[in-house]
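So you can see what is in the structure, the chains are spelled out below.
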Amino acid sequence: MTPVQSGLASTLKYLLLIVIGTFPALSVIVDGYGSALWYLLGLVGIVSFAISANVRERLCFEPKALLFVATPFLFFVWSIIIYWLVDPSDFAKSRVERHALLLISIPVIALLFHARFRSKDLLLSFSLSGLVFLGYWIVHDGEGRLDGLVHAIHFGNIALITLILCVGGLLTQSKRHWYVIAAAGSVGALIAFMESGSRGGLVALFLALLAVGFWFSVTRNQIRYFVITLALVASAAIVSVKYVDPISERYELTLSELDKFSEGQLYTSMGMRLLMWDAALNVITEAPVIGSGFSGYRTEILTRISEGHLKPLMSDFSSEPHNQYLYQLASHGLIGLFLLLLMLTLPLFYLATPRPGSHRNHHILRVTLAVIFLSFIFFGLTITLFDQRRVIQNYGLYYAIAAWFICNTHRKNLN
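Residues numbered from 1 in each chain as written. Predicted model: local features only at pLDDT ≥ 70, side-chain atom pairs only at ≥ 80, totals over all residues. Heavy atoms only, no water.

Here we take up the pattern of salt bridges. Under the counting rule described, the total for this entry stands at 6 salt bridges. The salt bridge involving aspartate 31 is made with arginine 390; its shortest N-O contact spans 3.5 Å. Here aspartate 31 is found in the loop between α1 (3–29) and α2 (33–51), whereas its partner arginine 390 is found in helix α18 (residues 389–414), with 359 residues between them in sequence. Take aspartate 31: its relative accessible area is 63%, and that puts it in the exposed class. A salt bridge links glutamate 300 to arginine 304; the nearest nitrogen and oxygen atoms lie 2.8 Å apart. You can see glutamate 300 and its partner arginine 304 sitting in helix α15 (residues 296–306), 4 residues apart, about one turn around the helix. Of the residues examined, glutamate 300 reaches a relative accessible area of 13% and is grouped as buried. The network of salt bridges with common partners includes Asp278, Glu300 and Arg304. (Salt bridge = Lys/Arg side-chain N within 4 Å of Asp/Glu carboxyl O. Helix = DSSP H or I, 4+ residues; strand = E, 2+ residues; numbered from the N terminus. Buried < 20%, exposed > 50% of the residue type's maximum accessible area, 1.4 Å probe, protein only.)

This is the structure:
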């Protein structure tokens, strides 16, 4: 490779890092950006697959890579089957089209194989999203909850994932200027997360950290890791609830809404969630194995409204029940729930197995990715994840990064 070619390759690699690093924030702030970049990353991934024999060999013949390719493909195929056999409505078609976005994660895996990033560079790149979040907060300060182009919960969850990545990037840097950028990105992502007022995101983060602490305790046979994590998480929760205004306000609102629900005032944020979950559970009992299709829950809500059991305002919450697992069971049945859980937990299965003698940055990226996927698992308890295009695109990116990291780790072990 000539010096000119080498310089061009380096430039393209850093440009790609900028595109990937800014993707989380810009996808939820700039209209159309997420879809355009997601398709572009997929297209570049297809080109990488076409021009690189090494990428083709890895993606088509490595067992771990094949497993990561097959999982989102099976998830999408089951959605197609449900659409064809159970619910061929226009509403269902729009949801199947959204699930198709997960397939783009496959060529993105090929792109990451071809790019051969360093872990520290990839983690640092997400600090750019943290800086974007910081700028967005400065521009919109005082205008209520931050939500961008999505529901405030989704906005907060993406900001939280960015924060986790920024902290990972912060821990991998040795040069002061990169350290400062990672720290600034962490602050921006943290502010965006808190200003979104995402109660579910906060709970998901605490549960994810507790799960990691428990895992360390089990694998190293020392309960102190879990005790320390529990103490830190409890302290952070108390401080947040008492002294961080957006979080304390949402906490007090939650208690107030639960009190109102017990008094028969059903139509609060928490009360309507409980009404939605009750409707979803009723749909699940009708077809537990294969589900009632994407429209099953919607039909149940509209039927209850027409019969006078629910107020008409619940029609605004008829597309999904604010719980990924109830929605998956209602629409895709036990088979669909299994495929969903496989896609969410497959990365964790491999991330939970450390490689002896690994570099410090390797361990940091492994734990960072583990916290991210644990957070997504817990996000699903309070919001429907794969009903929103921008969340699907972000999850697809993190899934591809996990596949790239795990497959590279496996290859190094073999060598």
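Below, the discussion takes up helix α11 (residues 199–219). Under the 1.5 Å per step criterion, the end-to-end length of α11 is 31 Å for 21 residues, consistent within 8% with the ideal 30 Å. Of the residues that open α11, the one with a side-chain oxygen 3.0 Å from the backbone nitrogen of glycine 201 is serine 198. Remark: asparagine 221 follows α11 within two positions and exhibits a positive phi of approximately 55°. (Expected span 1.5 Å × (residues − 1). Polar contact = N/O pair within 3.5 Å; in protein donor to acceptor, adjacent residues only side chain to side chain.)

Counted according to the given criterion, the structure contains 15 aromatic pairs. Seen in terms of ring centroids, phenylalanine 23 and tryptophan 38 are 6.1 Å apart; in terms of plane orientation they differ by 40°. Their pairing is tilted. Here phenylalanine 23 is found in helix α1, whereas its partner tryptophan 38 is found in helix α2, with 15 residues between them in sequence. The residues phenylalanine 23 and tryptophan 38 share a single accessibility class, namely buried. The interplanar angle of 40° and the centroid separation of 5.7 Å between the aromatic rings of tyrosine 136 and phenylalanine 155 together place this pair among those described as tilted. (Phe/Tyr/Trp six-rings, centres within 6.5 Å; stacked < 30°, edge-to-face > 60°.)

Right, let's talk about helix α5 (residues 90–99) for a bit. The buried fraction of α5 amounts to 7 of the 10 residues, a majority that puts the element mostly inside the structure. Every buried residue of α5 is listed here: Phe91, Ala92, Ser94, Arg95, Val96, Arg98 and His99.

Right, let's get into the packing of helix α8 (residues 127–140) against helix α10 (residues 176–196). Running from amino to carboxyl end, α8 crosses α10 at an angle of 50°, the nearest separation of the two axes being 7 Å. Regarding the angle of α8 to α10, the classification is oblique. In this structure, α8 meets α10 at a crossing whose hand is left-handed. Contact residues: α8 offers Ser127, Gly130, Leu131, Phe133, Leu134 and Trp137, while α10 offers Ile181, Ala182, Ala184, Gly185, Gly188, Ala189, Ile191, Ala192 and Glu195. Residue composition of the contact of α8 with α10, grouped by class: 10 nonpolar, 4 polar and 1 charged. (Axes fitted to C-alpha atoms, helices over the stretch in contact; angles between N-to-C directions. Parallel < 35°, antiparallel > 145°, perpendicular 65-115°, else oblique. Left-handed = near helix turned anticlockwise from the far one by under 90°. Contact = heavy atoms within 4.5 Å. Nonpolar A, V, L, I, M, F, W, Y, C, P; charged D, E, K, R; others polar.)

Moving on, we get to the packing of helix α14 (residues 269–286) against α15. Two numbers describe how α14 lies on α15: the axes approach to 9 Å, and their chain directions differ by 120°. Between α14 and α15, the angle is such that the two are oblique. For α14 against α15, the interelement crossing comes out right-handed. Of the residues in α15, those in contact with Leu275, Met276, Asp278, Ala279, Ala280, Asn282, Val283 and Glu286 of α14 are Gly296, Tyr297, Glu300, Ile301 and Arg304. A per-class count over the contact of α14 with α15 returns 7 nonpolar, 2 polar and 4 charged.

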